[in-house]
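Each chain, letter by letter, is given below.
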Amino acid sequence: MIRTEGVADVTEETFEREVLGSDLPVLVQFTADWCGPCRQLAPVLGEIAREEAGRIRVVQLHVDRDPGVAVRFGVMATPTLMVFRAGEPVTSMVGARPKRKLLRELEEALAGVQG
């Protein structure tokens, strides 16, 4: 299982509370142990989790272990990154990307959130 410091695991049982019920926007990485780009993205997400704490939470959901949430939100590939704000998905990105590009893509979801 991919473990990334600062990035919590969520499951089908905890998704509602940890993601949909969060006061902060939440970046969810839909991941799988066999996914090379997911492992490549892990340190980037760890850095963002530490640097943007207070503005956004970063979590991961393993699609093989908990496929229901992935199906519910139409996730077809890993890694899929989805930002949830006020319980709703607001943006979705597929594939690994450099930190700078990911932060640019997150700005809209983070706009107006104090940190």
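For clarity, every value in this text was computed on a predicted model and none was experimentally measured.

Asker: Summarise the pattern of salt bridges; cite the residues concerned and give the values.
Answerer: Enumeration over the complete set of coordinates arrives at eight salt bridges. The closest approach of N and O atoms between K99 and E47, which form a salt bridge, is 3.0 Å. Of this pair, K99 sits in helix α4 (residues 99–110) while E47 sits in helix α2 (residues 36–51); the two residues are 52 residues apart in sequence, bridging distant segments of the chain. For K99, a relative accessible area of 22% gives the class partly exposed. Measuring nitrogen to oxygen at the nearest pair gives 2.8 Å for the salt bridge that ties R55 to E52. What makes R55 buried here is its relative accessible area of 19%.

Asker: Explain the packing of aromatic side chains residue by residue, including any values.
Answerer: Between two aromatic rings, the relevant description is the distance of the centres plus the angle of the planes. According to the stated counting rule, one finds three aromatic pairs in the structure shown. Between F73 and F84, the aromatic rings sit 5.0 Å apart at their centres with planes inclined by 80°, giving edge-to-face as the arrangement. A residue pair is termed long-range when its members are at least 10 positions apart, and F73 in the loop between α3 (67–72) and β4 (80–85) and F84 in strand β4 qualify at 11 residues. With a relative accessible area of 1%, F84 lands in the buried category. Among the aromatic residues, those joined into a ring-pair cluster are F15, F73 and F84.

Asker: I'd like to hear about the sheet that holds β4, residue by residue, with values.
Answerer: Strand pairing in a sheet relies on backbone hydrogen bonds. The paired strands run either parallel or antiparallel. What the five strands build is an open sheet, ordered β1-β3-β2-β4-β5; its pairing is mixed. With partners counted over all chains shown, the strands left at the sheet margins are β1 (8–10) and β5 (88–94), one partner each. Each neighbouring strand pair of the sheet contributes to a mean axis angle of 30°, computed without reference to strand direction. Strands β2 (26–31), β3 (57–62) and β4 of the sheet are contacted by α2, whose axis makes an angle of about 165° with β2.

Asker: Explain the environment of E51 to me, and be specific about the residues and the numbers.
Answerer: By the secondary structure assignment, E51 is in helix α2. Separated by 41 residues in sequence, E51 and V10 have C-alpha atoms that sit 20 Å apart.

Quick notes on the rules
Sequence order as written defines the numbering, with residues in each chain counted from 1. The model is predicted, so local features are restricted to residues of pLDDT at least 70 and side-chain atom pairs to those at 80 or more, both for listing and for counting; the totals for chains, interfaces and linings are taken over all residues. The basis for every side-chain value is the complete set of non-hydrogen atoms in the structure, without hydrogens or water. When a carboxyl oxygen of Asp or Glu is within 4 Å of a side-chain nitrogen of Lys or Arg, the pair counts as a salt bridge. Helix and strand definitions follow DSSP, with helices as H or I runs of at least four residues and strands as E runs of at least two, each counted in order from the N terminus. Burial classes: relative accessible area under 20% of the type maximum marks a residue as buried, over 50% as exposed, and values in between as partly exposed (1.4 Å probe, protein chains only). When the centres of two rings from Phe, Tyr and Trp lie within 6.5 Å, Trp using its six-membered ring, the rings pair. Their planes under 30 degrees apart give stacked, over 60 give edge-to-face, and anything left gives tilted. Strand pairing is assigned whenever DSSP identifies at least 2 bridges connecting the two strands. To define axes, lines are fitted to C-alpha atoms, for helices over the stretch in contact only, and angles between the resulting N-to-C directions are given on a 0 to 180 degree scale. Contacts are assigned to residue pairs with any non-hydrogen atoms lying within 4.5 Å of each other.

Coordinates in, geometry out; function isn't part of it.
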